[in-house]
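Read off the chains here:
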Amino acid sequence: MKPIYLDNNATSQVAPEVLEAMLPFLQDFYGNPSSMHTFGGQVGRRVSQAREQVANLLGAAPDEIIFTSCGTESDNTAIRSALATNPGKRHIITTRVEHPAVLSLTARLAQEGYRVTELPVDAEGRLNLEQYAKSLSPDTAIVSLMWANNETGVIFPVEEAAALAHNRGILFHTDAVQAVGKIPIDLRKNSIDMLSLSGHKLHAPKGVGALYVRKGTRFSPFLVGGHQEKGRRGGTENVPSIIALGLACDLAGQKMETENTVVKALRDKLENSLLIKVPRCRVNGDRTQRLPNTSNISFEFVEGEAILLRLNEYAICASSGSACTSGSLQPSHVLRAMGVPFTMAHGSIRFSLSIYNTEKDIDAVIDTMPGIIENLRALSPYWEVGDSICAGVEG
Ligand code: PLP
């Protein structure tokens, strides 16, 4: 059975055109792009073309793009490079709601003696720019703020934040893994120094990403080896995936309008219908400054994992905002940072759509979800109690 796939922030389907474009580079055109011979040189030219395609989507120059293996590598490279090129500075600024690709690294760096500021967010997942500005100091080596949150879709004002950092001569990196391809980005219009993206979030395969490094930014490579990527990232290029990423960026540029009209309308239909049809549920995160494809909804007094299992029976794929760690269900660090009440945070589900979703997909979820929640609540020992307690509070 073909799934109803609403988990595109986790990973996305490889676009059919993208798959077709990359296949010859797994079969016939296997030359090394750095080779002197024509056979390899033609591959090198296609890698250059892919670099141009990625740069075009971002408003960057091709030589500002470094191909990497994933978003995680791009994030790690950016932060480590900023620290290596500013050896006198020991302060890092980030937020509590970043992806583990940033937070696990900054936790490690804190152990190594760096001072790390993890800025809080408000109940809607928003950043306070004044508080951010106050945290900037002469000792700050790097600011790393995500462009859009993977769980809630909330968009941070990274362009304003980058300008504030720049005025103080501080490097600014953004993890734009969830933003690229979904909202317009033009790096000619801001002062962002480094930006991470990942192929598998925008219909290219897993295992390829890119790091944008603004011309003139001092840079220290994370992977040292051969002279690939002008010595900025060693390792023979993952040619088929790079070709795929280039075309995926091209297509994302062409389909940006669809993403922000058609996909957004489907997301809004799903969200508004569930809010009407299911009692005691709410949307997590600012509904205005948000990615067009993402909806994070909490269903009070039910476990997210239980909802996912039931959805799975209908071949509906989504994610929950809790992670089962060592036998206990912990709400996600993002929802905790937003102060979402426990009874709500436990029952949160993230739906993330793509251009491949149809009205039929959304209608299936709208038809299925109310029954699933009603059923699970009927089994929940907390529902009766919770319902009457909360009804009392409301009354
Ligand atoms: N940053 C964000 C915001 C993400 O959502 C993800 C993946 O979920 C990553 C970084 C890591 O990307 P990758 O899976 O390519 O390493």
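Definitions and cut-offs
- Residues numbered from 1 in each chain as written.
- Predicted model: local features only at pLDDT ≥ 70, side-chain atom pairs only at ≥ 80, totals over all residues.
- Heavy atoms only, no water.
- Helix = DSSP H or I, 4+ residues; strand = E, 2+ residues; numbered from the N terminus.
- Buried < 20%, exposed > 50% of the residue type's maximum accessible area, 1.4 Å probe, protein only.
- Lys, Arg positive; Asp, Glu negative; His and termini not counted.
- Salt bridge = Lys/Arg side-chain N within 4 Å of Asp/Glu carboxyl O.
- Contact = heavy atoms within 4.5 Å.
- Axes fitted to C-alpha atoms, helices over the stretch in contact; angles between N-to-C directions.
- Parallel < 35°, antiparallel > 145°, perpendicular 65-115°, else oblique.
- Left-handed = near helix turned anticlockwise from the far one by under 90°.
- Nonpolar A, V, L, I, M, F, W, Y, C, P; charged D, E, K, R; others polar.
- Phe/Tyr/Trp six-rings, centres within 6.5 Å; stacked < 30°, edge-to-face > 60°.
- Near = heavy atom within 4 Å.
- Polar contact = N/O pair within 3.5 Å; in protein donor to acceptor, adjacent residues only side chain to side chain.
- Areas by Shrake-Rupley, 256 points an atom, 1.4 Å probe, with all protein chains shown as cover.
- Core = buried A, V, L, I, M, F, W, Y, C linked by side-chain atoms within 4.5 Å.
- Domains from an automatic or database assignment.
- Expected span 1.5 Å × (residues − 1).

As for its placement among the helices and strands, aspartate 193 is situated in the loop between β6 (171-175) and β7 (194-198). Buried and without a salt bridge, aspartate 193 has arginine 214 as its closest oppositely charged side chain, separated by 4.7 Å. If sequence neighbours within four positions are ignored, aspartate 193 has contacts with His166, Ile170, Leu171, Phe172, Tyr212, Val213, Arg214 and Thr217.

As a further point, take the packing of helix α9 (residues 304-313) against helix α12 (residues 359-379). Contact pair α9 / α12: the axes reach a minimum separation of 10 Å and the direction vectors enclose 130°. What the angle tells us is that α9 and α12 run oblique. Seen from above, α9 lies across α12 with right-handed handedness. Residues Ala306, Ile307, Arg310 and Leu311 of α9 form the contact with α12, whose participating residues are Met369, Ile372, Ile373, Asn375, Leu376 and Leu379. Its residues placed into classes, the contact of α9 with α12 shows 8 nonpolar, 1 polar and 1 charged.

Using the criterion set out here, one finds 2 aromatic pairs in the structure. With centroids separated by 5.6 Å and ring planes inclined at 40°, the aromatic side chains of phenylalanine 25 and phenylalanine 29 adopt a geometry described as tilted. An angle of 75° between the planes, with centres 5.0 Å apart, marks the rings of tyrosine 30 and phenylalanine 39 as edge-to-face. Overall, the relative accessible area of 62% leaves tyrosine 30 in the exposed class.

Attention now goes to the site of the ligand. The environment of the ligand is formed by 13 residues, the closest being Thr72, Asp175, Gln178, Ser198 and Lys201. Glycine 71 places a main-chain nitrogen or oxygen 2.8 Å from an oxygen atom of the ligand. At a separation of 2.9 Å, an oxygen atom of the ligand approaches a polar side-chain atom of histidine 200. Out of a free accessible area of 400 Å², the ligand has 88% covered by protein chains. Per-element accounting of the shell around the ligand gives the leading share, 3 residues, to helix α4 (residues 71-85).

This paragraph deals with the nonpolar core. Grouped together as the largest cluster of nonpolar side chains are 68 residues, with contacts concentrated most on Leu58, Tyr132, Trp147, Phe172, Leu195 and Leu245. The two domains that each donate at least three residues to this core are domain 1 (16-254) and domain 2 (255-380). Sequence-distant contacts of leucine 245, that is, excluding residues within four places in its chain, are made with Val54, Phe67, Leu197, Gly199, Leu202, Ala204, Val208, Gly209 and Ala210. If you look at the next biggest cluster of nonpolar residues, it comprises 26 residues, including Leu266, Ile349, Ile366 and Ile373.

Take helix α3 (residues 38-58) next. Helix length check: α3 (21 residues) gives 31 Å between terminal C-alpha atoms against 30 Å at 1.5 Å per residue, within 8%. Of the positions making up α3, those classed as buried are Gly40, Gly41, Val43, Gly44, Val47, Ala50, Arg51, Gln53, Val54, Ala55, Leu57 and Leu58. Here the buried face of α3 lies against β2 (65-68), β7, β8 (209-213) and α8 (239-277). Glycine 59, located one to two residues past α3, shows a positive phi value of around 70°.

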